[in-house]
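Examination of the molecular architecture
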Amino acid sequence: MAAESALESERDAIVAALTPVVDGLAATFGPMCEVVLHDYRRPEKSVVAVAGSVTGRTVGGAMSEIGMRIVARGDGAGDELNYVTRTRGGKLVKASTMVLRDSTGTVFGALCVNLDVTAVGDAHALLGALAGIGGVGGASADVPVTAFGNDIDSVVDAILDAHQLRQNGSWAALDRTQRLELFRGLDERGVFAVRRAIEQVAARLGISRASAYSYLSQARADTQAVTERATRRAQGRATGRTATDKTPPGGHT
């Protein structure tokens, strides 16, 4: 108990130390920059400091789907640097997300830097079109959209909306295999790390909460089975290589 309390104090100190850094970074990069400090111990209100306005975040706002993905990966999560995404409003954003860890290596937050490069992308596309090497707007057409929002429910809804758009049909049209794929994908993206997300997903799909829990449980079991099979195959290959290795100790055949 005392050890956990000490770790919580350590995490609080890291967040407090980084809070003034948020304003400094945003001031350095200028008005097209947004810096957001997240504390994932409160995922529904993870934003503890923000400077600039690229994604419209405010203090007390929720983590984005990128944050959900980091939470889902747990302590195995790594920094995501210099990736390009788009907001639902169409802004082209170059971003970096750097995870925060305590002295035990536990991930508990992130420092995010978002640069609005929409104008740069437009200028690049225009110059390419003038030079005859590309069309206007083509450069950002395939950039994925990230759900940002101050309300965690709106982020979950945006992820569900994107999935429905991709499958181009109603939720009722999904068969069992497709629903399991949906739940597996949502779980991998960290959606179910959010409180009440299972109820929200169940309501959107028009199924009971019990059915949603059943789909989630089966999806996780299937994922675990696939992982175990892959592990056994890898171990089998390693064992086979050892059995057929005729190299004498200390030398080469």
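Reference entry: report on the structure contained in this document.

Rules used throughout
Residues numbered from 1 in each chain as written. Predicted model: local features only at pLDDT ≥ 70, side-chain atom pairs only at ≥ 80, totals over all residues. Heavy atoms only, no water. Core = buried A, V, L, I, M, F, W, Y, C linked by side-chain atoms within 4.5 Å. Buried < 20%, exposed > 50% of the residue type's maximum accessible area, 1.4 Å probe, protein only. Helix = DSSP H or I, 4+ residues; strand = E, 2+ residues; numbered from the N terminus. Contact = heavy atoms within 4.5 Å. Patch = residues over 30% accessible without salt bridge, like charges linked within 9 Å, V, L, I, M, F, W, Y side chains within 5 Å. Areas by Shrake-Rupley, 256 points an atom, 1.4 Å probe, with all protein chains shown as cover. Salt bridge = Lys/Arg side-chain N within 4 Å of Asp/Glu carboxyl O. Lys, Arg positive; Asp, Glu negative; His and termini not counted. Charge placed at Lys NZ, Arg CZ, Asp CG, Glu CD. Pairing = 2+ DSSP bridges. Axes fitted to C-alpha atoms, helices over the stretch in contact; angles between N-to-C directions.

Topic: the nonpolar core
Formed by 42 residues in total, the largest nonpolar core has its most connected members in Met68, Phe183, Leu186, Val191 and Phe192. Secondary structure elements with two or more residues in this core: helix H2 (65-73), strand E4 (92-101), strand E5 (107-116), helix H4 (152-167), helix H5 (176-188), helix H6 (197-205) and helix H7 (209-244). Not counting residues up to four positions away in its chain, the partners in contact with valine 191 are Met68, Val156, Ile159, Leu186 and Ala197. In terms of nonpolar packing, the next biggest core, distinct from the first, is built from 13 residues, Val15, Leu18, Leu100 and Val113 among them.

Observations concerning a positive patch on the surface
A surface patch of positive charge is lined by Arg229, Arg232, Arg233 and Arg237. Looking at where arginine 233 falls in the secondary structure, it is placed in helix H7. The exposure class of arginine 233 is partly exposed, given its relative accessible area of 49%.

Quick notes on the pattern of salt bridges
Inspection of every chain in the model, using the stated rule, returns 13 salt bridges. Of the charged contacts, one joins arginine 11 and glutamate 4 as a salt bridge, the two residues approaching to 3.2 Å between their closest N and O atoms. The buried category is assigned to arginine 11, whose relative accessible area is 7%. For glutamate 4, a relative accessible area of 39% puts it in the partly exposed group. A salt bridge links arginine 11 to glutamate 8, with the nearest nitrogen and oxygen atoms 2.3 Å apart. Taken together, the positions of arginine 11 and glutamate 8, both in helix H1 (residues 2-29) and three residues apart, correspond to about one turn of that helix. The partly exposed category is assigned to glutamate 8, whose relative accessible area is 27%.

Considering the side chain of threonine 55
Considering the arrangement of structural elements, one finds threonine 55 in the loop between strand E2 (47-51) and H2. You can call threonine 55 buried: its relative accessible area is 14%. The contacts of threonine 55, once residues within four sequence positions are left out, are Glu34, Thr87, Asn114 and Phe148.

Quick notes on the sheet that holds strand E1 (residues 33-39)
Pairing is antiparallel across the open sheet formed by five strands, whose spatial order is E2-E1-E5-E4-E3. On the outer flanks of this sheet lie E2 and strand E3 (80-86), each paired with one strand and no other. Each adjacent strand pair in this sheet contributes to an overall mean axis angle of 20°, direction not counted. Where E3 meets E4, five bridges bridge the pair, whose relative direction is antiparallel. Note that in E4 the partner of tyrosine 83 across the bridge is alanine 95. Packing against the sheet, H1 makes contact with E1, E2, E4 and E5, and its axis sits at approximately 175° to E1. This element, H2, spans E3, E4 and E5 of the sheet and lies at about 140° to E3.

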